[in-house]
Amino acid sequence: NDNLPGHYSLCLSISVLFYIIPQSVYPLIFSSLDLLVKKRGDDLACRALLKRANRIVLVADGLILLSLVFYGRKILALFGQDSLAVYHLLLVFSLISCIGGLYYPVLNFGLISQGESKFIGRWDMAIYVIMLVGVSLVTLTVGGEYAVYLYGLLVILQCVTASMRFKRLSGFFIFGIV
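What counts, and at which threshold
Residues numbered from 1 in each chain as written. Predicted model: local features only at pLDDT ≥ 70, side-chain atom pairs only at ≥ 80, totals over all residues. Heavy atoms only, no water. Helix = DSSP H or I, 4+ residues; strand = E, 2+ residues; numbered from the N terminus. Areas by Shrake-Rupley, 256 points an atom, 1.4 Å probe, with all protein chains shown as cover. Lys, Arg positive; Asp, Glu negative; His and termini not counted. Charge placed at Lys NZ, Arg CZ, Asp CG, Glu CD. Patch = residues over 30% accessible without salt bridge, like charges linked within 9 Å, V, L, I, M, F, W, Y side chains within 5 Å. Salt bridge = Lys/Arg side-chain N within 4 Å of Asp/Glu carboxyl O. 1 Å grid on protein atoms, 1.4 Å probe; cavity = no way out; pocket = protein on both sides within 12 Å on 5 of 7 lines; lining within 4 Å. Points joined across faces, edges and corners; volume = space filled by probe spheres on them. Nonpolar A, V, L, I, M, F, W, Y, C, P; charged D, E, K, R; others polar.

Within the chain, the secondary structure is distributed over seven helices and zero strands. Taken from the N to the C terminus, the helices and strands of the chain come in the order α-α-α-α-α-α-α. With respect to the principal axes defined by its C-alpha atoms, the chain has extents near 55 × 35 × 20 Å. Looking at the chain as shown, the accessible area adds up to about 9,700 Å², and 68% of this sits on carbon and sulfur atoms. With 14 positive and 9 negative side-chain charges, the chain shows a separation of 11 Å between the mean positions of the two kinds.

Now the structure itself:
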């Protein structure tokens, strides 16, 4: 429909919280994470710090996600968008942002600290190209409201692939330390 770009914009603006939380917490432990990577997960103090950071991010994300589940329609009503379709879009974007917010600060840094900048760059470029072509195809074939699912699939795929690569290189799963 004609309001879809506005709905996307509103839902993305609200779900950006899931990127802000990890980007506020994880940079505080980057030096410890770098040391933990170099010691292949054997430094107990650094593991404890990573565990604490993971817990803070997961609890904060969980609380915000629960708040959006229970109060999302009321929040959307403040913007004049109290419809079930926009509410579902908000929840989907929030879940995607929750996963994406975990990838970008901590996994991205962990891979860069292991010299994997090219891997990250190739993945990012592939996602941009797939989104450019894929979103156009999805919009033309089934409708623009389904483009968010393609984006979500790519974010999940990127996070899983990066997590597996990180584990293979470092010897520990970065989110396994909870």
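Next, the rest of the story.
Before going further, it helps to spend a moment on a nonpolar patch on the surface. Where nonpolar side chains cluster on the molecular surface, the patch consists of Met125, Tyr128, Val129, Leu132, Val133 and Leu137 and spans about 650 Å² of accessible area. Mapping Leu137 onto the fold places it in helix 6 (residues 117-141).

Here we come to the layout of surface pockets. Size it by volume and the largest pocket reaches roughly 220 Å³. In this structure, the largest pocket is lined by twelve residues; those nearest its centre are Leu4, Ala85, Val86, Leu89 and Glu145. Secondary-structure elements contributing two or more residues to the lining of the largest pocket are helix 1 (4-15), helix 5 (84-112) and helix 7 (147-170). Ranked by residues supplied to the lining of the largest pocket, first place goes to helix 5 with five residues. Tallied by class, the residues present in the lining of the largest pocket amount to eight nonpolar, three polar and one charged.

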